[in-house]
Amino acid sequence: HAKNIFTDPEMPQALPRRVLILPCWGKAPVSILRELDGVLAQELGKVNLFEVGQISSDKVFSRRSDQDFTLEEVKALTRQAGADGVLTCRVVQCQPYRHMSLGVAMRLWNIPKEKTVWAADETLDSQQTVVANGARNYYLTTFRDSYPNRRSEAILEVPRMFFQYVFDELLSTLQKTTK
């Protein structure tokens, strides 16, 4: 379903080896943003294209959590973490209750080359049939063994599950670019 995706033509050679995930920021309560941090790290780890590191929100949010990161800030953070890439995630829309939706603008930067190698800017809204069906299918393949007595509609009622679906859907496009 993800449509608004940018991929560097030099992929997969442009991929960094070690990626630092910066804390999510934007239009959502801080508690939701911190939940999204964990979900994003989990889903990015499944992509298995590079080593993933995370930085605590305490280390970067001495500034307002709705501000974008400057290139200088990103360079300093990656240098400290020994990373050559960074993934940022700005939340542009978040409805964590029925009818759920999550809109994010994500960028994967190759820091030594100072360029974006992959980006996604999408809003997945559970009121759209294609999104609801995709989420239900994701539930059946991902959660069925863990929650055998639940119906697939649960993914449209449990924010963390829906967030996992959104990140899986978007990050799968990154994985596809390397094949």
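Here goes a summary of the coordinates provided. Small disclaimer: the values here were computed from a predicted structure and weren't measured.

The next subject is helix α4 (residues 129-142). Compared with the 20 Å implied by 1.5 Å per residue over 14 residues, the 20 Å span of α4 between its first and last C-alpha is a close match. The set of residues buried in α4 consists of Val131, Ala132, Ala135, Tyr138 and Tyr139. An end-on view of α4 places all buried positions within 125 degrees of arc, on one side of the element. In α4, those exposed residues whose orientation departs by more than 90 degrees from the buried face are Thr129 and Thr141. Buried residues along α4 sit in contact with α1 (30-47), β7 (115-125) and α5 (159-176).

The next thing to look at is the nonpolar core. Looking at soluble globular proteins, one finds that nonpolar side chains tend to be buried together. Ranked by internal contacts, the top residues of the largest apolar core, which has 47 residues, are Leu102, Met106, Phe162 and Phe167. Breaking this core down by element, the ones donating at least two residues are β2 (18-21), α1, β5 (85-95), β6 (101-110), β7, α4 and α5. Here the element with the most residues in this core is α5; it accounts for 9 residues. Setting aside residues no more than four positions away along its own chain, Phe162 makes contact with Met100, Ser101, Leu102, Leu124, Ser126, Val131, Ala135, Ile155 and Leu156. Counting residues in hydrophobic clusters, the runner-up holds 11 residues, among them Phe69, Val74, Leu77 and Ile111.

What the rule picks out here adds up to 2 aromatic pairs. For the ring pair Tyr138 and Tyr165, a centre distance of 5.8 Å and an interplane angle of 55 degrees mean the geometry is tilted. You can see Tyr138 sitting in helix α4 and its partner Tyr165 sitting in helix α5, a full 27 residues away along the chain. Each ring, one from Phe162 and one from Tyr165, has its centre 6.1 Å from the other, and the planes form 50 degrees; the classification is tilted. Taken together, the positions of Phe162 and Tyr165, both in helix α5 and 3 residues apart, correspond to about one turn of that helix. Residue Tyr165 is classed as buried on the basis of its relative accessible area of 2%. Here the aromatic residues Tyr138, Phe162 and Tyr165 are joined through ring pairs into a cluster of three or more.

Pairing is possible between side chains of opposite charge, provided their charged atoms come close. Scanning the entire structure with this criterion turns up 12 salt bridges. Two residues, Arg136 and Glu153, come together in a salt bridge whose shortest N-O distance is 2.5 Å. Of this pair, Arg136 sits in helix α4 while Glu153 is found in the loop between α4 and α5, placing the two residues 17 residues apart along the sequence. Residue Glu153 is classed as partly exposed on the basis of its relative accessible area, which comes to 21%. Several salt bridges converge on common partners, so that one network encompasses Asp8, Glu10, Lys113 and Lys115.

Now for helix α3 (residues 71-81). Regarding α3, the residues found buried are Val74, Leu77 and Thr78. Along the axis of α3, the buried positions cluster into a sector of 95 degrees, meaning they face one direction only. Turned more than 90 degrees from where α3 packs its buried face, Glu72, Arg79 and Gln80 sit exposed. Positive phi shows up at Gly82, right after α3, with a value of about 70 degrees.

Rules behind the numbers
- Residues numbered from 1 in each chain as written.
- Predicted model: local features only at pLDDT ≥ 70, side-chain atom pairs only at ≥ 80, totals over all residues.
- Heavy atoms only, no water.
- Helix = DSSP H or I, 4+ residues; strand = E, 2+ residues; numbered from the N terminus.
- Expected span 1.5 Å × (residues − 1).
- Buried < 20%, exposed > 50% of the residue type's maximum accessible area, 1.4 Å probe, protein only.
- Arc of directions from axis to C-beta.
- Contact = heavy atoms within 4.5 Å.
- Core = buried A, V, L, I, M, F, W, Y, C linked by side-chain atoms within 4.5 Å.
- Phe/Tyr/Trp six-rings, centres within 6.5 Å; stacked < 30°, edge-to-face > 60°.
- Salt bridge = Lys/Arg side-chain N within 4 Å of Asp/Glu carboxyl O.

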